[in-house]
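Chain by chain, the residues run as shown.
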Amino acid sequence: MAENIALEARVRRGRGKGEARRLRASGMVPAVLYGNGSGESTSLAVPAKVVDHTLQHYGDNALYDLELDGEKKTARVVDVQRDPLTGRLLHVDFAPVDMTERIEVAVPLALVGEPAGVKEGGVLQQVAYEVQVEALPGDIPQEIEVDVSGLGMQENLTLGDVRLPEGIRLVSDAEEVVATVTPPTQISEEELEAAGIVEEEAGEAAPEAAETEAAEEEEVGDGEEES
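This section reports on the structure supplied with the text. Just so we're clear, the structure is a prediction, and the values are computed from it rather than from any experiment. (Residues numbered from 1 in each chain as written. Predicted model: local features only at pLDDT ≥ 70, side-chain atom pairs only at ≥ 80, totals over all residues. Heavy atoms only, no water.)

For the rest of this paragraph, the subject is the side chain of Asn 61. With respect to the secondary-structure elements, Asn 61 resides in the loop between helix 2 (48-58) and strand 5 (63-68). At 3.0 Å, the side chain of Asn 61 forms a polar contact with the backbone oxygen of Ala 106. (Helix = DSSP H or I, 4+ residues; strand = E, 2+ residues; numbered from the N terminus. Polar contact = N/O pair within 3.5 Å; in protein donor to acceptor, adjacent residues only side chain to side chain.)

Reading across from one edge, 1-5-6-7-3-4-2 is the order of the seven strands in this open sheet, with mixed pairing throughout. A single partner strand is all that each edge strand has here, and the edge strands are strand 1 (5-8) and strand 2 (10-11). Pairing of strand 3 (residues 28-33) with strand 4 (residues 42-47), which is carried by six bridges, proceeds in the antiparallel orientation. Along strand 4, the bridge assignment pairs Val 29 with Val 46. Contacting strand 2, strand 3, strand 4 and strand 7 (89-96), helix 1 (residues 16-25) crosses the sheet at an angle of about 120° to strand 3. (Pairing = 2+ DSSP bridges. Contact = heavy atoms within 4.5 Å. Axes fitted to C-alpha atoms, helices over the stretch in contact; angles between N-to-C directions.)

Let's shift gears to the environment of Gln 154. Tracing the backbone shows Gln 154 in the loop between strand 11 (144-147) and strand 12 (156-158). Through-space distance from the C-alpha of Gln 154 to that of Val 123 is 9.3 Å; in sequence the pair is 31 residues apart.

Let us now look at the pattern of salt bridges. The tally for this structure, following the rule as stated, stands at three salt bridges. In this structure, Arg 102 and Glu 134 form a salt bridge, with 3.0 Å as the shortest nitrogen-oxygen distance. Here the residue Arg 102 occupies a position in the loop between strand 7 and strand 8 (103-112), and Glu 134 occupies one in strand 10 (residues 130-135), the gap between them amounting to 32 residues. Residue Arg 102 is classed as partly exposed on the basis of its relative accessible area, which comes to 40%. Among the charged side chains, a salt-bridge network with shared partners connects Arg 102, Glu 134 and Arg 169. (Salt bridge = Lys/Arg side-chain N within 4 Å of Asp/Glu carboxyl O. Buried < 20%, exposed > 50% of the residue type's maximum accessible area, 1.4 Å probe, protein only.)

This is the structure in structure tokens:
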């Protein structure tokens, strides 16, 4: 796991869309730090560029050291709002993190290696893209690599087969399939014809084209007789 990201934050006093627009124009983004237990939530403003870069390069499980009024609080992102058209970061929700308590999170899965079945002509299909695990916040990986090189034709690899990093406990169903290798799809001539992509055999003209050609030849013949 990458080191915690230092993030300067300030308490946000103003409210409303106008204040939010002013913050974004200045390079900041509205945010909320949830209370721990019975504590109240705190409205914040944080640097949009830092948060956006971290989310894109380190994922949702990155940890932030929020520097707030001279006090440091460790937190992680639990919700993000973006503009649906531009993808621009609009709002971020943080939750406090106790580095000594295990938490449950979803971690992305990344397939590595070339399956033996693919070398035989099969097709690799990834079925699961993330896994639910439990770990200390400082042990949460950015992603978990899944070696599929030993996967043969028509074989499945499940979450129970995945080697997890030390300190990580599987929460998802161990029988859930992560990846499989299937034979290449065979498409019959009937299916191609039904899809309208079967080419006509050479020398076989469409009826309409044949009728048009015959009519044109007849018109040319009539013209020659008149002359």
